Amino acid sequence: MSSTPPRATRTADPIGAPVSAAAAPTVVWTALVLVYVLWGSTYLGIRIAVETLPPLVSAAARFAAAAAVLALVLRLRRGPGALRVDRRQLGSAALVGVLLLAGGNGLVVLAESGPPGVAVPSGIAALLVATVPLLVVLLRSATGDRPRFWTFAGVTVGFLGLVLLVLPTGGADAVPLAGALTVVVGAACWSIGSFLSGRIRMPGNPFVATVYEMLAGAAALAVVAVGRGELRGFSPAQVSARSWLALGYLMVAGSLVAFTAYVWLLQHAPISLVSTYAYVNPAVAVALGAVLAAEPVTSQVLLGGAVIVAGVALVVSTERPRRGATREAVRR
C-alpha cells in the first residue's frame, strides 16, 4: 500500500509544475497533518452528510464534483491534451474507480446511514476500513507473492482485532453486525481495486487516473442510487444545512486537498513516514466521532481498534515500497 519514492532529482509534479525532491520538514509535516486529519475526518463527514442526503446520491455528487474540479485544474495547467488516455487505460481506470469508490466508499456510506443501532458509527467504520492493507496482503499471497513473516504476523494480529471489534456483546453499544459486514465487504472492494491498480495498465499520471476513477465511480454510484429509488420523492429543500456543509467538506477537504497533499508527500517524504496515515486515520476518526458526535467508545472498541491498528502498523512498517499507492489512495 505504498509507492516507490521518486529519485532525488528536480522533476515535474503530476500536474506539470516543476518541483524539487527536497522539501523543508515543516512543509512535509504540514502536508502529513492534512492527510492525517482530513482523511480521518471524512468518516464523520459521511455520517453527517447522510443524515438528510440520500447516501449513494451524496457519494456520487461528491466524486463527480471533485473530478470536475481536478480535470479543470489539469486542463489549465497542462493544456488541451492533459486528460488524453488510450482506451485500455480508460477502461482500467474505470474498473479501479468502480471498485474503489462505488464498492469501497459506497458500501461505507450505506453502512453509516440509517437510524441509531443500525448505522455503523464513523469511528468503527474507520477501524474496519483500516483492514485494507491486511486484505491486500492476502490478495498478494493468493497470486503467488510471498510476503515476509512479520507481514503475515501483522495480518494475523489485525484480523484478531477485527474479530474482537465486531464480536456480539448484547449491549446497547454493540457494533451493528450487518453494517460492520457491509464495511468489510467495502474494504474488500477497495483492496481489490488497490491490488489491480498496480497490475493493469493505468494512465501514467496519477491525477489523470484519479479523474477517470472518480467519474466512473460517480456514474456507478448514481446508477445504483436510482435503482434503489433514492431520488424518489427527494427534494433538495429537505436537506439540512449541516448535511450540505458536510458534503462540501468531503468534496474539498477529502477528495481534493488531502489527496493532493498525499501525492505531494509521495514525491517529497520517505514512504515509511507517508504510510503512517494507514493507522493514524482510524485513531483520528474515533476521536472526532467521540468528541463531535458523541459516539460511544467502549472498552471493546478500544481493545479491538488498538489490535487492528497494531496489526496494520506492523504490516506497513515491514512492507517494501510498492508502486500504485497514488491510485490506491483515491479517498473514501
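See the structure above.
In this report, we go over the structure that sits alongside the text. (Residues numbered from 1 in each chain as written. Predicted model: local features only at pLDDT ≥ 70, side-chain atom pairs only at ≥ 80, totals over all residues. Heavy atoms only, no water.)

Some remarks on the nonpolar core
Operational definition: The term nonpolar core refers to a set of buried residues drawn from Ala, Val, Leu, Ile, Met, Phe, Trp, Tyr and Cys, joined through side-chain atoms within 4.5 Å. The classification of residues rests on relative accessible area computed with a 1.4 Å probe and restricted to protein chains. Under 20% of the type maximum is buried, over 50% is exposed, and intermediate values are partly exposed. Working definition: helices are DSSP H or I runs of at least four residues, strands are E runs of at least two. Numbering for both runs from the N terminus. Note on contacts: a residue pair qualifies if any of its non-hydrogen atoms lie within 4.5 Å across the two residues.
Residues Leu128, Leu165 and Leu265 are the most contacted members of the largest nonpolar core, which totals 91 residues. With 13 residues, the single largest contributor to this core is helix H9 (residues 241–268). Every residue in contact with Leu265, bar those within four places of it in the chain, is listed here: Val28, Ala31, Leu32, Val35 and Val274.

A short note on the environment of Gly154
Tracing the chain through its elements places Gly154 in helix H6 (residues 149–166). Spatially, the C-alpha atoms of Gly154 and Val309 are 9.5 Å apart, while their sequence positions differ by 155 residues. Those residues in contact with Gly154, other than ones at most four positions away along the chain, are Leu134, Gly311, Leu314 and Val315.

So, the packing of helix H4 (residues 122–129) against helix H7 (residues 177–197)
Any two packed helices are characterised by the angle at which their axes cross and by the distance between the axes. Quick reminder of the rule: Here an axis means a line fitted to C-alpha atoms, over the contact stretch when the element is a helix, while the angle between two N-to-C directions is reported on a 0 to 180 degree scale. In what follows, roughly perpendicular refers to angles from 65 to 115 degrees, roughly parallel to angles under 35, roughly antiparallel to angles over 145, and oblique to any angle outside these ranges. Note on convention: the crossing is left-handed when the near helix lies turned anticlockwise from the far helix by less than a right angle, right-handed when the turn is clockwise.
Interhelical geometry of H4 versus H7 gives an angle of 40° and a closest axis separation of 9 Å. Of the possible angle classes, the one that applies to H4 and H7 is oblique. Crossing of H4 over H7 shows right-handed handedness. The residues of H7 that touch H4, namely those facing Ala125, Leu128 and Val129, are Ala180, Val183, Val184 and Ala187.

Brief notes about the environment of Tyr249
By secondary structure assignment, the location of Tyr249 is in helix H9. Residue class for Tyr249 comes out partly exposed when judged on its relative accessible area of 33%. Along the primary structure Tyr249 and Ile46 are separated by 203 residues, whereas in three dimensions their C-alpha atoms are 9.6 Å apart. Not counting the four nearest positions on each side in its chain, Tyr249 is found in contact with Leu38, Ser41 and Gly254.

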